[in-house]
Amino acid sequence: MENNALEFGDAGGSSSAPAEMVKTIVLVGRNGNGKSATGNSILGRKAFKSMFRTNGVTKTCEMHTTLLENGQNLAVIDTPGLMFDCSVESKYIGKEIAKCINLAKDGIHAILLVVSIRTDRSREEAAVVFMLQAFFGAKIIDHMIIVFVGGDELEECDETLDDYLSRDCHQHLKETLRMCGNRHVLFDNRTKDEADKSEQLKQLLALVNAIVDKNGGKPHMNKQFVEVKKGATSEFFYDAPGAKVNSEEEKFKLKEELRKLLKAELEKSYEEKLNRINETVDLKLKESSDKLVQQIAELRFKESFDKLAQEIAELKRAQQTTELRSKESCDKLVQQIAELKLKQSSDKLAQEISELRSSLAHSTFAQRIAKLRLGVQQ
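Residues numbered from 1 in each chain as written. Predicted model: local features only at pLDDT ≥ 70, side-chain atom pairs only at ≥ 80, totals over all residues. Heavy atoms only, no water.

1. Considering the nonpolar core
- Ile111, Leu113, Leu132, Phe136, Met144, Ile146 and Phe148 are the most contacted members of the largest nonpolar core, which has 36 residues in total.
- Mapped by element, the contributors of at least two residues to this core are strand 2 (22–28), strand 4 (73–78), helix 2 (90–103), strand 5 (110–116), helix 3 (122–136), strand 6 (144–149), helix 5 (161–168) and helix 6 (171–179).
- Considering each element in turn, this core owes the most residues, 6 residues, to helix 3.
- Each residue touching Phe148, except ones within four places of it in the same chain, is listed here: Val115, Ile117, Leu161, Tyr164, Leu165, Leu173, Leu177, His184, Val185, Leu186 and Phe187.
- By size, the runner-up hydrophobic cluster in this structure holds 24 residues, among which are Leu112, Ile145, Val147 and Val149. (Core = buried A, V, L, I, M, F, W, Y, C linked by side-chain atoms within 4.5 Å. Buried < 20%, exposed > 50% of the residue type's maximum accessible area, 1.4 Å probe, protein only. Helix = DSSP H or I, 4+ residues; strand = E, 2+ residues; numbered from the N terminus. Contact = heavy atoms within 4.5 Å.)

Here it is as C-alpha coordinates:
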(Lines give C-alpha, C1' and ligand atoms only; values in the text may rest on other atoms or scores of the structure.)
Protein backbone atom coordinates (compact mmCIF):
# COMPACT_ATOMS: atom_id res chain seq x y z
CA MET A 1 0.00 0.00 0.00
CA GLU A 2 1.06 3.56 -0.64
CA ASN A 3 -0.76 6.31 1.23
CA ASN A 4 -4.50 5.89 0.63
CA ALA A 5 -4.85 2.59 -1.26
CA LEU A 6 -4.58 -1.12 -0.52
CA GLU A 7 -4.12 -3.71 -3.27
CA PHE A 8 -6.63 -6.53 -3.18
CA GLY A 9 -6.53 -7.86 -6.75
CA ASP A 10 -4.15 -8.50 -9.63
CA ALA A 11 -3.78 -7.88 -13.33
CA GLY A 12 -5.92 -10.89 -14.17
CA GLY A 13 -8.93 -9.41 -12.41
CA SER A 14 -9.25 -11.93 -9.57
CA SER A 15 -9.74 -10.39 -6.16
CA SER A 16 -10.63 -11.07 -2.62
CA ALA A 17 -12.72 -7.91 -2.49
CA PRO A 18 -15.21 -7.32 0.27
CA ALA A 19 -18.88 -7.67 -0.43
CA GLU A 20 -19.13 -3.95 -1.20
CA MET A 21 -19.54 -3.13 -4.91
CA VAL A 22 -16.34 -2.75 -6.85
CA LYS A 23 -16.40 0.36 -9.03
CA THR A 24 -14.74 -0.24 -12.37
CA ILE A 25 -12.81 2.59 -14.00
CA VAL A 26 -11.46 2.30 -17.55
CA LEU A 27 -8.62 4.52 -18.81
CA VAL A 28 -8.75 5.38 -22.54
CA GLY A 29 -6.91 7.79 -24.80
CA ARG A 30 -4.23 8.07 -27.44
CA ASN A 31 -0.74 6.60 -27.16
CA GLY A 32 1.62 8.49 -24.88
CA ASN A 33 -1.05 10.58 -23.17
CA GLY A 34 -0.24 9.20 -19.70
CA LYS A 35 -2.98 6.63 -19.08
CA SER A 36 -0.74 4.20 -17.18
CA ALA A 37 0.76 6.97 -15.05
CA THR A 38 -2.75 8.20 -14.24
CA GLY A 39 -3.77 4.66 -13.29
CA ASN A 40 -0.80 4.45 -10.94
CA SER A 41 -1.78 7.78 -9.37
CA ILE A 42 -5.30 6.44 -8.74
CA LEU A 43 -3.98 3.17 -7.29
CA GLY A 44 -1.38 4.92 -5.18
CA ARG A 45 1.38 2.61 -6.38
CA LYS A 46 3.31 1.71 -9.54
CA ALA A 47 1.16 -1.14 -10.80
CA PHE A 48 1.05 -0.32 -14.51
CA LYS A 49 4.26 -0.05 -16.52
CA SER A 50 4.78 3.60 -17.31
CA MET A 51 7.53 5.61 -18.97
CA PHE A 52 7.81 8.80 -21.01
CA ARG A 53 7.20 7.65 -24.59
CA THR A 54 5.07 9.26 -27.26
CA ASN A 55 4.24 5.93 -28.92
CA GLY A 56 2.90 4.38 -25.72
CA VAL A 57 3.99 1.50 -23.48
CA THR A 58 0.79 -0.48 -22.87
CA LYS A 59 0.20 -3.16 -25.51
CA THR A 60 -2.77 -4.99 -23.99
CA CYS A 61 -5.58 -4.34 -21.53
CA GLU A 62 -4.56 -4.78 -17.90
CA MET A 63 -6.42 -4.42 -14.61
CA HIS A 64 -5.36 -3.73 -11.03
CA THR A 65 -7.64 -3.30 -8.05
CA THR A 66 -7.34 -1.38 -4.83
CA LEU A 67 -9.10 -0.77 -1.54
CA LEU A 68 -9.11 2.84 -0.47
CA GLU A 69 -8.88 3.91 3.14
CA ASN A 70 -12.52 5.00 3.03
CA GLY A 71 -13.48 1.40 2.23
CA GLN A 72 -14.20 2.06 -1.44
CA ASN A 73 -13.17 -0.73 -3.85
CA LEU A 74 -11.80 0.28 -7.24
CA ALA A 75 -10.87 -1.77 -10.29
CA VAL A 76 -8.71 0.24 -12.69
CA ILE A 77 -8.35 -0.99 -16.28
CA ASP A 78 -5.57 0.42 -18.47
CA THR A 79 -6.06 0.12 -22.23
CA PRO A 80 -3.57 0.43 -25.10
CA GLY A 81 -3.86 3.54 -27.24
CA LEU A 82 -3.70 1.33 -30.33
CA MET A 83 -7.15 0.04 -29.42
CA PHE A 84 -8.52 3.27 -30.88
CA ASP A 85 -6.26 3.44 -33.94
CA CYS A 86 -8.06 2.68 -37.22
CA SER A 87 -4.76 1.91 -38.92
CA VAL A 88 -4.21 -1.09 -36.65
CA GLU A 89 -5.39 -4.57 -37.65
CA SER A 90 -9.07 -4.93 -36.81
CA LYS A 91 -8.58 -8.35 -35.19
CA TYR A 92 -6.22 -6.81 -32.61
CA ILE A 93 -8.76 -4.09 -31.83
CA GLY A 94 -11.55 -6.65 -31.43
CA LYS A 95 -9.40 -8.82 -29.18
CA GLU A 96 -8.54 -5.91 -26.87
CA ILE A 97 -12.15 -4.68 -26.73
CA ALA A 98 -13.26 -8.17 -25.77
CA LYS A 99 -10.52 -8.36 -23.13
CA CYS A 100 -11.53 -4.98 -21.71
CA ILE A 101 -15.15 -6.13 -21.53
CA ASN A 102 -14.10 -9.39 -19.94
CA LEU A 103 -12.10 -7.55 -17.27
CA ALA A 104 -15.05 -5.22 -16.66
CA LYS A 105 -17.67 -7.92 -17.21
CA ASP A 106 -19.99 -6.44 -14.59
CA GLY A 107 -19.96 -3.15 -16.45
CA ILE A 108 -18.10 0.16 -16.47
CA HIS A 109 -18.89 2.72 -13.77
CA ALA A 110 -16.65 5.46 -15.16
CA ILE A 111 -14.53 5.80 -18.26
CA LEU A 112 -11.63 8.25 -18.07
CA LEU A 113 -10.54 9.95 -21.29
CA VAL A 114 -6.93 10.92 -20.56
CA VAL A 115 -5.83 14.07 -22.42
CA SER A 116 -2.34 15.57 -22.25
CA ILE A 117 -2.03 19.34 -22.18
CA ARG A 118 1.48 18.93 -23.58
CA THR A 119 0.23 17.94 -27.05
CA ASP A 120 -2.52 19.22 -29.35
CA ARG A 121 -4.24 16.06 -30.61
CA SER A 122 -7.85 17.19 -30.39
CA ARG A 123 -8.95 15.50 -33.62
CA GLU A 124 -7.51 12.20 -32.41
CA GLU A 125 -9.31 12.57 -29.08
CA ALA A 126 -12.55 13.16 -31.02
CA ALA A 127 -11.90 9.91 -32.92
CA VAL A 128 -11.41 8.06 -29.61
CA VAL A 129 -14.79 9.32 -28.37
CA PHE A 130 -16.45 8.33 -31.64
CA MET A 131 -14.99 4.81 -31.48
CA LEU A 132 -15.94 4.46 -27.80
CA GLN A 133 -19.55 5.16 -28.74
CA ALA A 134 -19.30 2.71 -31.64
CA PHE A 135 -17.90 -0.07 -29.42
CA PHE A 136 -19.77 0.54 -26.15
CA GLY A 137 -22.85 2.46 -27.26
CA ALA A 138 -23.78 6.16 -27.21
CA LYS A 139 -24.66 6.05 -23.50
CA ILE A 140 -20.98 5.54 -22.60
CA ILE A 141 -20.70 9.35 -22.67
CA ASP A 142 -22.89 9.47 -19.54
CA HIS A 143 -20.06 7.70 -17.70
CA MET A 144 -17.16 9.75 -19.10
CA ILE A 145 -14.73 12.02 -17.22
CA ILE A 146 -11.93 13.89 -18.96
CA VAL A 147 -8.63 13.74 -17.06
CA PHE A 148 -6.14 16.42 -18.12
CA VAL A 149 -2.57 15.39 -17.31
CA GLY A 150 0.37 17.79 -17.11
CA GLY A 151 -0.65 19.82 -14.08
CA ASP A 152 3.04 20.39 -13.26
CA GLU A 153 3.55 22.35 -16.49
CA LEU A 154 0.57 24.60 -15.75
CA GLU A 155 1.95 25.19 -12.27
CA GLU A 156 5.35 26.13 -13.70
CA CYS A 157 3.64 28.67 -15.97
CA ASP A 158 1.55 29.92 -13.03
CA GLU A 159 -1.65 29.02 -14.91
CA THR A 160 -4.85 27.20 -13.98
CA LEU A 161 -6.75 24.58 -15.96
CA ASP A 162 -9.43 27.19 -16.68
CA ASP A 163 -6.74 29.44 -18.20
CA TYR A 164 -5.64 26.58 -20.46
CA LEU A 165 -9.20 25.66 -21.48
CA SER A 166 -10.11 29.26 -22.29
CA ARG A 167 -6.93 29.78 -24.33
CA ASP A 168 -5.84 26.51 -25.96
CA CYS A 169 -8.88 24.24 -25.81
CA HIS A 170 -9.81 23.09 -29.35
CA GLN A 171 -13.44 23.04 -30.47
CA HIS A 172 -13.44 19.22 -30.59
CA LEU A 173 -12.45 19.06 -26.93
CA LYS A 174 -14.98 21.72 -25.98
CA GLU A 175 -17.68 19.63 -27.64
CA THR A 176 -16.53 16.50 -25.79
CA LEU A 177 -16.60 18.42 -22.49
CA ARG A 178 -20.12 19.59 -23.28
CA MET A 179 -21.25 16.03 -24.14
CA CYS A 180 -19.95 14.61 -20.86
CA GLY A 181 -21.46 17.34 -18.70
CA ASN A 182 -18.17 19.25 -18.32
CA ARG A 183 -16.82 16.59 -15.97
CA HIS A 184 -13.07 17.08 -15.86
CA VAL A 185 -10.17 17.05 -13.45
CA LEU A 186 -6.49 18.03 -13.59
CA PHE A 187 -3.83 15.46 -12.64
CA ASP A 188 -0.15 15.90 -11.93
CA ASN A 189 1.32 12.39 -12.14
CA ARG A 190 4.82 13.68 -11.34
CA THR A 191 4.09 15.38 -8.04
CA LYS A 192 5.71 14.06 -4.89
CA ASP A 193 3.48 16.15 -2.63
CA GLU A 194 1.17 13.78 -0.75
CA ALA A 195 -1.40 16.51 -0.14
CA ASP A 196 -1.61 17.24 -3.89
CA LYS A 197 -1.93 13.51 -4.68
CA SER A 198 -4.74 13.13 -2.16
CA GLU A 199 -6.58 16.22 -3.38
CA GLN A 200 -6.59 15.29 -7.10
CA LEU A 201 -7.72 11.73 -6.27
CA LYS A 202 -10.45 13.16 -4.04
CA GLN A 203 -11.72 15.35 -6.90
CA LEU A 204 -11.71 12.42 -9.34
CA LEU A 205 -13.53 10.07 -6.96
CA ALA A 206 -16.13 12.76 -6.31
CA LEU A 207 -16.88 12.82 -10.05
CA VAL A 208 -16.94 9.00 -10.22
CA ASN A 209 -19.39 8.82 -7.29
CA ALA A 210 -21.54 11.53 -8.90
CA ILE A 211 -21.74 9.45 -12.11
CA VAL A 212 -22.62 6.32 -10.14
CA ASP A 213 -25.35 8.18 -8.23
CA LYS A 214 -26.70 9.79 -11.40
CA ASN A 215 -27.00 6.38 -13.06
CA GLY A 216 -28.69 4.80 -10.06
CA GLY A 217 -25.57 2.84 -9.12
CA LYS A 218 -25.77 0.86 -12.34
CA PRO A 219 -22.61 0.44 -14.45
CA HIS A 220 -22.70 0.86 -18.21
CA MET A 221 -23.45 -2.34 -20.13
CA ASN A 222 -24.53 -3.11 -23.69
CA LYS A 223 -24.96 -6.23 -25.84
CA GLN A 224 -21.20 -6.81 -26.03
CA PHE A 225 -21.07 -7.10 -22.26
CA VAL A 226 -24.01 -9.50 -22.31
CA GLU A 227 -22.37 -11.72 -24.92
CA VAL A 228 -19.07 -11.80 -23.04
CA LYS A 229 -20.88 -12.65 -19.78
CA LYS A 230 -22.50 -15.56 -21.63
CA GLY A 231 -19.04 -16.94 -22.34
CA ALA A 232 -18.09 -15.35 -25.65
CA THR A 233 -14.41 -14.60 -26.17
CA SER A 234 -12.60 -12.11 -28.32
CA GLU A 235 -13.57 -14.20 -31.35
CA PHE A 236 -17.14 -12.99 -30.85
CA PHE A 237 -16.31 -9.83 -32.70
CA TYR A 238 -14.97 -11.48 -35.82
CA ASP A 239 -15.35 -15.23 -35.93
CA ALA A 240 -18.62 -16.01 -34.20
CA PRO A 241 -21.14 -17.65 -36.58
CA GLY A 242 -23.58 -15.17 -37.97
CA ALA A 243 -21.64 -12.32 -36.45
CA LYS A 244 -18.81 -12.08 -38.93
CA VAL A 245 -20.86 -10.35 -41.64
CA ASN A 246 -22.26 -7.90 -39.14
CA SER A 247 -18.79 -7.32 -37.74
CA GLU A 248 -17.31 -6.70 -41.19
CA GLU A 249 -20.15 -4.37 -42.05
CA GLU A 250 -19.74 -2.56 -38.78
CA LYS A 251 -15.98 -2.30 -39.30
CA PHE A 252 -16.46 -0.94 -42.81
CA LYS A 253 -19.12 1.48 -41.64
CA LEU A 254 -16.95 2.54 -38.72
CA LYS A 255 -13.94 3.14 -40.94
CA GLU A 256 -16.04 5.09 -43.43
CA GLU A 257 -17.54 7.21 -40.68
CA LEU A 258 -14.12 7.84 -39.21
CA ARG A 259 -12.71 8.64 -42.64
CA LYS A 260 -15.51 11.15 -43.25
CA LEU A 261 -15.13 12.56 -39.76
CA LEU A 262 -11.37 12.96 -40.03
CA LYS A 263 -11.67 14.40 -43.55
CA ALA A 264 -14.24 16.91 -42.36
CA GLU A 265 -12.14 17.76 -39.34
CA LEU A 266 -8.99 18.12 -41.44
CA GLU A 267 -10.83 20.46 -43.82
CA LYS A 268 -12.24 22.36 -40.88
CA SER A 269 -8.82 22.44 -39.27
CA TYR A 270 -7.31 23.73 -42.53
CA GLU A 271 -9.95 26.45 -42.74
CA GLU A 272 -9.43 27.35 -39.10
CA LYS A 273 -5.65 27.49 -39.55
CA LEU A 274 -6.09 29.55 -42.72
CA ASN A 275 -8.44 31.90 -40.88
CA ARG A 276 -5.96 32.14 -38.01
CA ILE A 277 -3.16 32.89 -40.49
CA ASN A 278 -5.29 35.56 -42.18
CA GLU A 279 -6.20 37.02 -38.81
CA THR A 280 -2.54 36.99 -37.79
CA VAL A 281 -1.51 38.63 -41.07
CA ASP A 282 -4.27 41.25 -40.71
CA LEU A 283 -3.23 41.87 -37.13
CA LYS A 284 0.44 42.17 -38.11
CA LEU A 285 -0.47 44.51 -40.97
CA LYS A 286 -2.57 46.63 -38.65
CA GLU A 287 0.21 46.67 -36.07
CA SER A 288 2.75 47.59 -38.76
CA SER A 289 0.40 50.24 -40.16
CA ASP A 290 -0.27 51.68 -36.72
CA LYS A 291 3.45 51.64 -35.98
CA LEU A 292 4.21 53.34 -39.31
CA VAL A 293 1.55 55.99 -38.66
CA GLN A 294 3.00 56.54 -35.23
CA GLN A 295 6.53 56.79 -36.62
CA ILE A 296 5.35 59.26 -39.29
CA ALA A 297 3.55 61.28 -36.64
CA GLU A 298 6.64 61.22 -34.43
CA LEU A 299 8.83 62.17 -37.41
CA ARG A 300 6.53 65.02 -38.33
CA PHE A 301 6.42 66.15 -34.74
CA LYS A 302 10.21 65.99 -34.58
CA GLU A 303 10.49 67.94 -37.84
CA SER A 304 8.00 70.51 -36.56
CA PHE A 305 9.82 70.68 -33.26
CA ASP A 306 13.20 71.05 -34.99
CA LYS A 307 11.78 73.72 -37.27
CA LEU A 308 10.27 75.55 -34.32
CA ALA A 309 13.54 75.29 -32.42
CA GLN A 310 15.37 76.65 -35.47
CA GLU A 311 12.92 79.56 -35.77
CA ILE A 312 13.31 80.30 -32.06
CA ALA A 313 17.09 80.23 -32.45
CA GLU A 314 16.86 82.59 -35.45
CA LEU A 315 14.59 84.90 -33.49
CA LYS A 316 17.05 84.90 -30.61
CA ARG A 317 19.90 85.65 -32.99
CA ALA A 318 17.85 88.44 -34.57
CA GLN A 319 17.00 89.77 -31.13
CA GLN A 320 20.65 89.66 -30.11
CA THR A 321 21.64 91.41 -33.37
CA THR A 322 18.95 94.04 -32.83
CA GLU A 323 20.03 94.52 -29.21
CA LEU A 324 23.66 94.79 -30.33
CA ARG A 325 22.83 97.30 -33.02
CA SER A 326 20.65 99.25 -30.63
CA LYS A 327 23.46 99.29 -28.09
CA GLU A 328 25.95 100.46 -30.73
CA SER A 329 23.56 103.21 -31.85
CA CYS A 330 22.97 104.24 -28.28
CA ASP A 331 26.67 104.32 -27.52
CA LYS A 332 27.30 106.36 -30.67
CA LEU A 333 24.54 108.77 -29.76
CA VAL A 334 25.91 109.16 -26.25
CA GLN A 335 29.34 109.81 -27.71
CA GLN A 336 27.92 112.34 -30.12
CA ILE A 337 26.07 114.06 -27.31
CA ALA A 338 29.18 114.03 -25.19
CA GLU A 339 31.22 115.46 -28.07
CA LEU A 340 28.55 118.10 -28.70
CA LYS A 341 28.47 119.05 -25.05
CA LEU A 342 32.25 119.18 -24.97
CA LYS A 343 32.29 121.40 -28.05
CA GLN A 344 29.65 123.65 -26.54
CA SER A 345 31.61 123.84 -23.32
CA SER A 346 34.81 124.57 -25.26
CA ASP A 347 33.14 127.32 -27.30
CA LYS A 348 31.71 128.85 -24.15
CA LEU A 349 35.08 128.69 -22.45
CA ALA A 350 36.77 130.30 -25.45
CA GLN A 351 34.18 133.01 -25.40
CA GLU A 352 34.67 133.56 -21.71
CA ILE A 353 38.44 133.70 -22.19
CA SER A 354 37.98 136.15 -25.01
CA GLU A 355 35.72 138.25 -22.89
CA LEU A 356 38.16 138.04 -20.02
CA ARG A 357 41.01 139.06 -22.25
CA SER A 358 38.94 141.91 -23.59
CA SER A 359 38.09 142.94 -20.07
CA LEU A 360 41.69 142.75 -19.00
CA ALA A 361 42.82 144.74 -22.03
CA HIS A 362 40.26 147.41 -21.27
CA SER A 363 41.33 147.56 -17.66
CA THR A 364 45.00 147.94 -18.58
CA PHE A 365 44.16 150.68 -21.02
CA ALA A 366 42.19 152.52 -18.39
CA GLN A 367 45.07 152.26 -15.95
CA ARG A 368 47.45 153.72 -18.50
CA ILE A 369 45.18 156.67 -19.18
CA ALA A 370 44.91 157.27 -15.48
CA LYS A 371 48.67 157.27 -15.09
CA LEU A 372 49.03 159.70 -18.02
CA ARG A 373 46.54 162.00 -16.53
CA LEU A 374 48.37 161.91 -13.20
CA GLY A 375 51.68 162.70 -14.94
CA VAL A 376 50.20 165.65 -16.76
CA GLN A 377 48.84 167.08 -13.59
CA GLN A 378 52.18 166.91 -11.91
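2. Thoughts on a negative patch on the surface
- Among the surface-exposed residues, Glu155, Glu156, Asp158, Asp162, Asp163, Asp193, Asp196 and Glu199 lie close enough to one another that they form a single negatively charged patch.
- Counting only elements with at least two residues in the negative patch, the list comes to helix 4 (151–156), helix 5 and helix 7 (194–214).
- Note that Asp162 resides in helix 5. (Patch = residues over 30% accessible without salt bridge, like charges linked within 9 Å, V, L, I, M, F, W, Y side chains within 5 Å. Areas by Shrake-Rupley, 256 points an atom, 1.4 Å probe, with all protein chains shown as cover. Salt bridge = Lys/Arg side-chain N within 4 Å of Asp/Glu carboxyl O. Lys, Arg positive; Asp, Glu negative; His and termini not counted. Charge placed at Lys NZ, Arg CZ, Asp CG, Glu CD.)

3. Concerning helix 1 (residues 35–43)
- Most of helix 1 is tucked away: 7 of the 9 residues are buried.
- Among the residues of helix 1, Lys35, Ser36, Thr38, Gly39, Asn40, Ile42 and Leu43 are the ones counted as buried.
- Where helix 1 terminates, the next one or two residues include Gly44, which has phi positive at roughly 80°.

4. Looking at helix 7
- The end-to-end C-alpha distance of helix 7, which contains 21 residues, comes to 30 Å, matching closely the 30 Å that a straight helix rising 1.5 Å per residue would cover.
- Within helix 7, burial applies to Gln200, Leu201, Leu204, Leu205, Leu207, Val208, Ile211 and Val212. End-on view of helix 7: buried residues confined to an arc of 155°, all on one side of the axis. Within helix 7, the exposed residues directed more than 90 degrees away from the buried face are Ala195, Lys202, Asp213 and Lys214.
- Taking the backbone nitrogen of Ala195 as reference, a side-chain oxygen 2.8 Å away marks Asp193 as the first, capping residue of helix 7.
- Just past helix 7, the residue Gly216 takes up positive phi, approximately 65°. (Expected span 1.5 Å × (residues − 1). Arc of directions from axis to C-beta. Polar contact = N/O pair within 3.5 Å; in protein donor to acceptor, adjacent residues only side chain to side chain.)

5. A few points about the confidence of the model for the chain
- Summing up the model confidence of the chain, the mean pLDDT is 76 and the portion of residues at 70 or higher is 74%.
- Contacts of residues 1–19 to residues separated by more than four positions or lying in other chains number 50 contacts, the stretch itself having pLDDT below 50.
- Note on residues 232–246: pLDDT under 50 across the span, and 25 contacts to partners over four residues away in sequence or across chains. (pLDDT = per-residue confidence, 0-100.)

6. Re the pairing of strand 4
- Most of strand 4 is tucked away, with 6 of its 6 residues classed as buried.
- Neither face of strand 4 is exposed, since Asn73, Ala75 and Ile77 on one face and Leu74, Val76 and Asp78 on the opposite face are all buried.
- Looking at chain direction, strand 2 and strand 4 are connected through 6 bridges and run parallel. Considered in strand 4, the bridge of Ile25 is made with Val76.
- As judged from the 6 bridges shared by strand 3 (residues 62–68) and strand 4, these two strands associate in the antiparallel manner. The residue bridging Leu67 from the neighbouring strand is Asn73, located in strand 4.
- Hairpin connection of strand 3 to strand 4: 4 residues between the antiparallel strands, including Gly71 at a positive phi of 90°. (Pairing = 2+ DSSP bridges.)

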